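What follows is each chain in one-letter form.
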Amino acid sequence: MRLPRSGAGWTIAVFGVLAVLLGALGLVWPQAQLTMLGFEVPQTRAPGDYTGTFLTASSMASFNMGVYYLLAVATEWRAFYRFTVVFRLVTFTVFTLTVLADVAPDRFIGVALWEGAGAVATAIGLRWDARRSAGNAPTPTESQVSGVTEGASTGSALAGPAAPAGTDR
């Protein structure tokens, strides 16, 4: 796989690699994942406790999402980068509210902050990339700014370029 070609790409790549690794950790060693998130890890689970099932599903989702992020980096899919900024901010909000409502342990706020910081980092990367590419853009000539194609002898700027000599429009 090739390295990211933009600042925003690097932020997406970091998140993608971590999502793959943490997803794999949850699949291979679920107790470690639960401990990292601040959840209890009892010796035995009561009948009807589907924590393991849910952890397997969310770990697999994390693993797959990481792969999607890395695919976006490999193809420099900038629309995806912008999409992630919005939805990572939504995730930050939902996770923060979950902690504030005492649905999740206080330690889970780290996940919310990770999402929010990742969204902000990608947004900054996108802005930095846009400014950098704008600085490298060729300066338009006066005729390009006015809409007249160079070499056009007659016609308005709205009419477009003049037809080559000897042809009919």
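Note that the structure is a prediction, hence the values are computed from the model and not measured. Per chain, residues are indexed from 1 in the order of the written sequence. The model is predicted, so local features are restricted to residues of pLDDT at least 70 and side-chain atom pairs to those at 80 or more, both for listing and for counting; the totals for chains, interfaces and linings are taken over all residues. Only hydrogens and water are set aside; all other atoms, that is, all heavy atoms of the structure, feed into the side-chain values.

Remarks on a nonpolar patch on the surface
The criterion, for reference: Distance thresholds for patches are 9 Å for like charges and 5 Å for nonpolar side chains (Val, Leu, Ile, Met, Phe, Trp, Tyr), applied to residues having over 30% relative accessible area and no salt bridge. Here the accessible surface of atoms and residues is derived via Shrake-Rupley with a 1.4 Å probe, and residues count as covered only by protein chains that are part of the display. In what follows, salt bridge is the name for a side-chain nitrogen of Lys or Arg lying within 4 Å of a carboxyl oxygen of Asp or Glu. Runs of E in the DSSP output that reach at least two residues are strands. Runs of H or I that reach at least four are helices, and both are numbered from the N terminus.
Residues Val14, Val17, Leu18, Leu21, Leu22, Met36 and Trp114 make up a contiguous nonpolar surface patch of roughly 580 Å² in combined accessible area. Of all the elements, helix 1 (residues 7-28) adds the most residues to the nonpolar patch, at five residues. Mapped onto the fold, Leu21 is located in helix 1.

Digging into helix 3 (residues 51-75)
Note the cut-off: Expected helix span is given by 1.5 Å per residue-to-residue step, counting one fewer step than there are residues. Partly exposed describes any residue whose relative accessible area lies between the buried limit of under 20% and the exposed limit of over 50%, with all areas from a 1.4 Å probe on protein chains only and scaled to the type maximum. In what follows, residue pairs with any heavy atoms lying within 4.5 Å of each other are defined as contacts.
Between its first and last C-alpha, helix 3 extends 36 Å over 25 residues, near the 36 Å set by a 1.5 Å rise per residue. Buried within helix 3 are the following residues: Leu55, Ser59, Ser62, Gly66, Tyr69, Leu70, Ala72 and Val73. In the core, the buried residues of helix 3 are packed alongside helix 1, helix 2 (30-37) and helix 4 (78-100). Of the residues one or two after helix 3, Glu76 is the one with positive phi, at around 50 degrees.

A look at the nonpolar core
Keep this limit in mind: The nonpolar core is taken to be a set of buried Ala, Val, Leu, Ile, Met, Phe, Trp, Tyr and Cys residues, with the residues joined through side-chain atoms within 4.5 Å.
In this structure, Ala8, Ile12, Ala13, Phe15, Ala19, Tyr69, Ala72, Val73, Phe80, Tyr81, Val85 and Leu126 together form the largest nonpolar core, which totals 12 residues. Where this core is concerned, the elements lending two or more residues are helix 1, helix 3 and helix 4. The dominant element in this core, judged by the number of residues it contributes, is helix 1, at five residues. In this structure, Ile12 is in contact with Tyr69, Val73, Tyr81, Thr84 and Thr122, ignoring residues within four places of it in sequence.

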